[in-house]
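A structural walkthrough
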Amino acid sequence: MEGESMATISSRSADGTHKTINTLLKQDNLPVPAIIEQAPGIRIFGKRLRSFLFSTDIATICYTNADAILAVYPYTPHPAIISAICRVANQPVFAGVGGGKTQGIRSTYLALSAEAEGASGVVVNTPMPNENVTRIAQMIDAPIIGTVVSEYELYDRHKAGVDIFNIAGGKRTPQLVKRISKKFPDIPIIATGGKTDDSIAQALDAGADAISWSPPTTGELFRVYMDKYRADQREAFIDEHDGLTLNQYEEQVKAQ
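Residues numbered from 1 in each chain as written. Predicted model: local features only at pLDDT ≥ 70, side-chain atom pairs only at ≥ 80, totals over all residues. Heavy atoms only, no water.

**Concerning the packing of helix 3 (residues 104-117) against helix 4 (residues 130-139)**
Across the interface, helix 3 lies against helix 4 with an axial gap of 9 Å and an inter-helix angle of 30°. Classified by the angle their axes make, helix 3 and helix 4 are roughly parallel. The hand of the helix 3/helix 4 crossing is right-handed. From helix 3, Gly104, Ser107, Thr108, Ala111, Leu112 and Glu115 reach across to helix 4, where they touch Asn132, Arg135, Ile136 and Met139. In the contact of helix 3 with helix 4, the residues fall into four nonpolar, four polar and two charged. (Axes fitted to C-alpha atoms, helices over the stretch in contact; angles between N-to-C directions. Helix = DSSP H or I, 4+ residues; strand = E, 2+ residues; numbered from the N terminus. Parallel < 35°, antiparallel > 145°, perpendicular 65-115°, else oblique. Left-handed = near helix turned anticlockwise from the far one by under 90°. Contact = heavy atoms within 4.5 Å. Nonpolar A, V, L, I, M, F, W, Y, C, P; charged D, E, K, R; others polar.)

Here it is as structure tokens:
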């Protein structure tokens, strides 16, 4: 029909609760696990955030439906990386600015740079000294997420200026979340959700307000597509050669 976009797809969600708009090219996006929608969420600058994508992969960030991006990686933070992620992301970005390798005045400048690039907040890792956290809190007008791996650092971290706890306790994450939510009932908690709906449910039941989710790698995603492409090619060959497999066709050609 004239004036109508043929690439747009309108539909209703599987549970019938809402209507959706998508396009043919973007329908194969990377959704976070649906169970995360059960999280109460953390309202930051007026937006309720339930899912935090733990990734710095630009393509993954571009095609995810996560509410926010947790841009933390195991190298020293770099302003160019923070800038690139902030330009690509459609969601609020929380940028890592230091921890074990990067501390001191560099972390403070990185935090200022992240805010200038449009990041909604910054993330500090466990090894960062509390005096560094306090300096960052004095310099930026944005929340500080503090990654926590044990219960021993909670009071000093909060006193230093951490606004949100990001619990990364491995298998002990649900126990840590439960303890922290009782000790600090007014501090928002993000928890690593693991790989399964069951592990995410455990974190939510323990009191997590939001979930940090690690997406599949590009290699893992490509493996699914490549397996499908191989199967499609085999089926196409059989259809085009009167039901013969490649081996059968080669035998037929050989016999001629």
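There's more to say after this.
**Details of the pairing of strand 12 (residues 210-213)**
Burial of the side chains of strand 12 extends over both faces: Ala210 and Ser212 are buried on one face and Ile211 and Trp213 on the other. When strand 5 (residues 51-54) meets strand 12, the two strands line up parallel, connected through three bridges. When the bridges of strand 12 are listed, Leu53 appears paired with Trp213. Following the chain from strand 11 (residues 189-192) across helix 7 (residues 197-206) to the adjacent parallel strand 12, one finds a crossover that is right-handed. (Buried < 20%, exposed > 50% of the residue type's maximum accessible area, 1.4 Å probe, protein only. Pairing = 2+ DSSP bridges. Right-handed = clockwise from strand over helix to strand, strands pointing away.)

**Digging into the sheet that holds strand 11**
Strands sit in the order 5-6-7-8-9-10-11-12 around a closed barrel of eight strands; the barrel is parallel. The sheet shows a mean angle of 25° between the axes of neighbouring strands, direction not considered. In the packing of helix 3 onto the sheet, the strands contacted are strand 7 (93-98) and strand 8 (121-124), and the crossing angle to strand 7 comes to about 165°.

**Notes on the pattern of salt bridges**
Pairing between side chains of opposite charge can happen when their charged atoms approach one another. As enumerated under the stated definition, the model contains five salt bridges in all. One salt bridge in this structure joins Arg230 and Asp227, with 2.9 Å as the shortest N-O distance. Of this pair, Arg230 and Asp227 both sit in helix 8 (residues 218-240), three residues apart, roughly one helical turn. When its relative accessible area of 52% is taken as the criterion, Arg230 is described as exposed. Overall, the relative accessible area of 43% leaves Asp227 in the partly exposed class. Linking Asp232 and Lys228 is a salt bridge whose minimum nitrogen-to-oxygen distance equals 2.8 Å. Placement of both Asp232 and Lys228 in helix 8 is noted, with a separation of four residues, approximately one turn of the helix. Take Lys228: its relative accessible area is 47%, and that puts it in the partly exposed class. Each of Glu151, Arg172 and Arg179 takes part in salt bridges that share partners, so that together they form one network. (Salt bridge = Lys/Arg side-chain N within 4 Å of Asp/Glu carboxyl O.)

Geometric descriptors of this kind do not, in isolation, establish any biological role.
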